[in-house]
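Chain by chain, the residues run as shown.
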Amino acid sequence: MTTAAVFCRGVTKQYGQKYALNGLELFIPQGCTVGVLGPNGSGKSSLFRMLTGLTRADRGKIEVLGKAPGWRTNKEIAYLPDRARWYPDYTVNESFRWGENFLPGFERETAERLASFMKLDMDMRAVGMSRGQEARLMLILCIARQVPLIILDEPFSGIDVISREKIIEGLIEHMSTGEQTVLISTHEIYEAEPLFDHVVFMNEGQVILAGEADKLRGKYGSMHTILQKMY
Ligand SMILES: Nc1ncnc2c1ncn2[C@@H]1O[C@H](COP(=O)(O)OP(=O)(O)OP(=O)(O)O)[C@@H](O)[C@H]1O
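Residues numbered from 1 in each chain as written. Predicted model: local features only at pLDDT ≥ 70, side-chain atom pairs only at ≥ 80, totals over all residues. Heavy atoms only, no water.

The protein chain appears in an unreviewed UniProt entry as ABC transporter ATP-binding protein from Alicyclobacillus fodiniaquatilis.

Another point: the overall build of the protein chain. Each helix and strand in the protein chain was counted, giving nine helices and nine strands. Against the 2.2 N^0.38 benchmark of 17 Å for 231 residues, the protein chain shows a C-alpha radius of gyration of 17 Å, consistent with a compact globule. Its C-alpha atoms give the protein chain principal-axis dimensions of about 45 × 40 × 40 Å. Out of the 231 residues in the protein chain, the part that is buried amounts to 49%. Taking contacts inside the protein chain between residues at least 6 apart in sequence as the whole, the part at least 24 apart equals 69%. (Helix = DSSP H or I, 4+ residues; strand = E, 2+ residues; numbered from the N terminus. Rg over C-alpha atoms; globule rule 2.2 N^0.38 Å. Buried < 20%, exposed > 50% of the residue type's maximum accessible area, 1.4 Å probe, protein only. Contact = heavy atoms within 4.5 Å.)

With that settled, consider the sheet that holds strand β1 (residues 4-15). In spatial order, the strands read β2-β1-β4; together these three strands make up an open sheet with antiparallel pairing. Here the strands that pair on one side only, and so sit at the sheet edges, are β2 (18-29) and β4 (59-64). Neighbour to neighbour, the strand axes of the sheet diverge by 20° on average, direction disregarded. Bridge count for β1 against β2 is nine bridges, and the pairing is antiparallel. Within β2, the residue paired with Tyr-15 across the bridge is Lys-18. Packed onto the sheet, helix α1 (residues 44-51) meets β1, β2 and β4 and runs at close to 65° relative to β2. (Pairing = 2+ DSSP bridges. Axes fitted to C-alpha atoms, helices over the stretch in contact; angles between N-to-C directions.)

Attention shifts here to the pattern of salt bridges. A side chain of one charge can pair with a side chain of the opposite charge if their charged atoms are brought near each other. Counted under the stated rule, the structure contains twelve salt bridges. For the salt bridge of Lys-13 with Asp-58, the shortest nitrogen-to-oxygen distance reads 3.8 Å. Of the two residues, Lys-13 sits in strand β1 while Asp-58 sits in the loop between α1 and β4, which places them 45 residues apart along the sequence. For Asp-58, a relative accessible area of 41% gives the class partly exposed. The partner of Arg-125 in a salt bridge is Glu-94, and the shortest N-O contact between them spans 3.5 Å. (Salt bridge = Lys/Arg side-chain N within 4 Å of Asp/Glu carboxyl O.)

Moving on, we get to the environment of Gly-158. Among the secondary structure elements, Gly-158 is positioned in the loop between β6 (149-153) and α6 (161-174). In the structure, Gly-158 is positioned 25 residues away from Gln-133 in sequence and 8.6 Å away in space, judged by C-alpha atoms. With sequence-adjacent residues up to four places away left out, Gly-158 is seen in contact with Arg-131 and Gly-132.

Near the ligand, the surroundings consist of 13 residues, among which Asn-40, Gly-41, Lys-44, Ser-45 and Ser-46 are the closest. Between the ligand and Ser-45 there is a distance of 2.9 Å, counted from an oxygen atom to a side-chain nitrogen or oxygen. Those elements that place two or more of their residues in the shell around the ligand are β2 and α1. A total of four residues in the shell around the ligand trace back to one element, the largest contributor, which is α1. (Near = heavy atom within 4 Å. Polar contact = N/O pair within 3.5 Å; in protein donor to acceptor, adjacent residues only side chain to side chain.)

This part takes up the packing of helix α5 (residues 131-143) against α6. Two elements in contact, α5 and α6, have axes separated by 13 Å at closest approach and are oriented at 5°. Taken together, the axes of α5 and α6 lie roughly parallel to each other. Residues Arg-136, Leu-139 and Ile-143 of α5 lie in contact with α6, whose contacting residues are Ser-163, Ile-167, Leu-171 and His-174. The residue makeup of the contact of α5 with α6, split by class, is four nonpolar, two polar and one charged. (Parallel < 35°, antiparallel > 145°, perpendicular 65-115°, else oblique. Nonpolar A, V, L, I, M, F, W, Y, C, P; charged D, E, K, R; others polar.)

Here you go:
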């Protein structure tokens, strides 16, 4: 049987009367790049926070890389939260040095290659960066890590459409080895679609459709079309 990178059964999280996740079922095999798609408030960030052990489910079972989420699994996950900000005084160069010292699996050479590809000046400080430049720095700090699981929550927000396409091209190239499992939530579906070999559609705290991108495309059309039909 295929090993799961992520397994969820009946996962439920409630805030007052509101369900962030409502009996969520999910199986993500290892080694694939997965688009986690759905409208605002469908539970994508809540799911990611649970996979990284930042919040606990009220009910249900979660396994990440075969273990319950927590400090043991977190060494093996590179997580980019939504609305992430970086230390303002750090240059790109200093940020990468910080990465080498504190982030398990961080590869400086890969980070520098990605920075050059994404046109990020090594001497630029986070405080002087545009939103898009800071988003690139945050993204590089995650994807330059050799860890089995990468979780990116809205990594392209604030990045203009031309740069976005370039970054996505770089990501496709970077992730083509198939050794890592990558989960990406995004509303930029049109540009990001070529990245995904699996897709998970969420609504109201549940997975409403999931599977291999090619099979879903063959059956329903592009991811964009599926989203338009579904919501
Ligand atoms: N800490 C919290 N307190 C109260 N409600 C919360 C909390 N976290 C999430 N929720 C609620 O749970 C639901 C799911 O939120 P979540 O942020 O997971 O959605 P999302 O799919 O990531 O949305 P978006 O696409 O806008 O980022 C929303 O209705 C949200 O208001």
